[in-house]
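So you can see what is in the structure, the chains are spelled out below.
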Amino acid sequence: MMQYKAVLFDFDYTLGDATESIMAGYAFAFAEMGIPQPTLEQVRSTVGFILEDGYTMLTGDRDESRRARFSGLFREKSHPIQVATTPLFPGALELLDALKRASVATVVVSSKRRKTLCGVLENTGAMPRLSFALGSDDVHAPKPDPEGILLALERLNTRPGEALYCGDTVLDAEAAQRAGTDFCAVLNGTTPASAFDVWPHVHIAPDLNDLRGYLGL
């Protein structure tokens, strides 16, 4: 039986897959900057981190001017195609529909910028099923800072103990722990189940259909 008043989701590799546009953004930016092209798996490992940190993860470069140049070039290539090329994972709409029928508030708390995030959610049909969505420009600090989760709960007038946060990375697990919500790992990304052993969690879902079953929906 559903025990939560609200279920919050990360987006990338939790509800949806923006790999195509993200890979295109990295390839373009690295080419423009004269950096050897990253592999698909290298790029996928950065998903969930803010762009500048993803750049540093792959290059070791911490220079703020080059980090900023990378993010600008990335957005120039990736953002115009991201809405059209980002699908939801199987079971996403069915899960959101089931939560709505159960009168459970649903929110996406993502590291994407809100305009891009909302465009993707509208294009995939997810937005009408959500209470609202929060992007990186709605908060001052990215995950694992819990600000986004806490802001969503404040808007919902819901206590942390009444909410579940679902995500695919240890950043999400830490954010949930710091916010005081329950956490469920969703294995749609590159993080293995074993990585969540050290983080409090109520469930590890191999996919969204399993998550729906765990929630009794």
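The present account deals with the structure reproduced in this document. (Residues numbered from 1 in each chain as written. Predicted model: local features only at pLDDT ≥ 70, side-chain atom pairs only at ≥ 80, totals over all residues. Heavy atoms only, no water.)

For the protein, the count of helices and strands is nine helices and six strands. Its C-alpha radius of gyration of 17 Å places the protein within 12% of the 17 Å reference for a compact globule of 217 residues. Overall size of the protein, expressed as C-alpha extent along the three principal axes, is 55 × 35 × 30 Å. Partitioning the contacts of the protein with sequence separation of at least 6, the portion at a separation of at least 24 is 63%. Accessible surface computed for the protein: about 9,600 Å², of which carbon and sulfur atoms make up 51%. Separation between the mean location of the 20 positive side-chain charges and that of the 28 negative ones in the protein comes to 4 Å. (Helix = DSSP H or I, 4+ residues; strand = E, 2+ residues; numbered from the N terminus. Rg over C-alpha atoms; globule rule 2.2 N^0.38 Å. Contact = heavy atoms within 4.5 Å. Areas by Shrake-Rupley, 256 points an atom, 1.4 Å probe, with all protein chains shown as cover. Lys, Arg positive; Asp, Glu negative; His and termini not counted. Charge placed at Lys NZ, Arg CZ, Asp CG, Glu CD.)

Before going further, it helps to spend a moment on the state of the cysteines. Under the defined criterion, the tally for this structure stands at zero disulfides. Cysteine Cys 166 is unpaired, with the sulfur of Cys 184 as its nearest cysteine sulfur at 4.9 Å. Exposure remark for Cys 166: the relative accessible area of 0% places this residue in the buried category. (Disulfide = S-S within 2.5 Å. Buried < 20%, exposed > 50% of the residue type's maximum accessible area, 1.4 Å probe, protein only.)

Let us look at the pairing of strand β5 (residues 182–186). Counting buried positions along β5 yields four of five residues, so the element is predominantly enclosed. Pairing between strand β4 (residues 163–167) and β5: four bridges, direction parallel. Across the sheet, residue Gly 167 finds its bridge partner in β5, namely Ala 185. After leaving β4, the chain enters helix α8 (residues 170–179) and then returns to the sheet as β5, a path that is right-handed. Relative to strand β6 (residues 203–205), β5 runs parallel, the two sharing three bridges. When the bridges of β6 are listed, Ala 185 appears paired with Ile 204. (Pairing = 2+ DSSP bridges. Right-handed = clockwise from strand over helix to strand, strands pointing away.)

With that out of the way, let us pick up the environment of Phe 70. Tracing the chain through its elements places Phe 70 in helix α4 (residues 64–85). Separated by 40 residues in the primary sequence, Phe 70 and Phe 30 place their C-alpha atoms 7.6 Å from one another. Beyond its immediate chain neighbours, meaning those up to four positions away, Phe 70 contacts Tyr 26, Ala 29, Phe 30, Met 33, Leu 51 and Tyr 55.

It is worth spelling out the packing of aromatic side chains at this point. The full count for this structure, using the stated rule, is eight aromatic pairs. With a centroid separation of 5.6 Å and an interplanar angle of 80 degrees, the aromatic rings of Tyr 26 and Phe 74 are classed as edge-to-face. Placement of Tyr 26 in helix α1 (residues 19–32) and of Phe 74 in helix α4 is noted, with a sequence separation of 48 residues between them. For Tyr 26, a relative accessible area of 2% puts it in the buried group. Pairing Phe 30 with Phe 70 gives two aromatic rings, centres 5.8 Å apart and planes at 70 degrees, and the pair type is edge-to-face. Of this pair, Phe 30 sits in helix α1 while Phe 70 sits in helix α4, and the two are 40 residues apart along the sequence. (Phe/Tyr/Trp six-rings, centres within 6.5 Å; stacked < 30°, edge-to-face > 60°.)

Within a regular strand, side chains alternate between the sheet's two faces. Of the two faces of strand β1 (residues 6–9), the one carrying Ala 6 and Leu 8 and the one carrying Val 7 and Phe 9 are both buried. Sheet topology places β1 next to strand β2 (residues 105–109); four bridges connect them, and they run parallel. Residue Phe 9 lies in a different strand from β2, and its bridge partner there is Val 108. Two elements, β1 and β4, share four bridges in a ladder whose sense is parallel. When the sheet's bridge partners are listed, Phe 9 is paired in β4 with Cys 166.

Remember, this is a structural readout, not a statement about activity or role.
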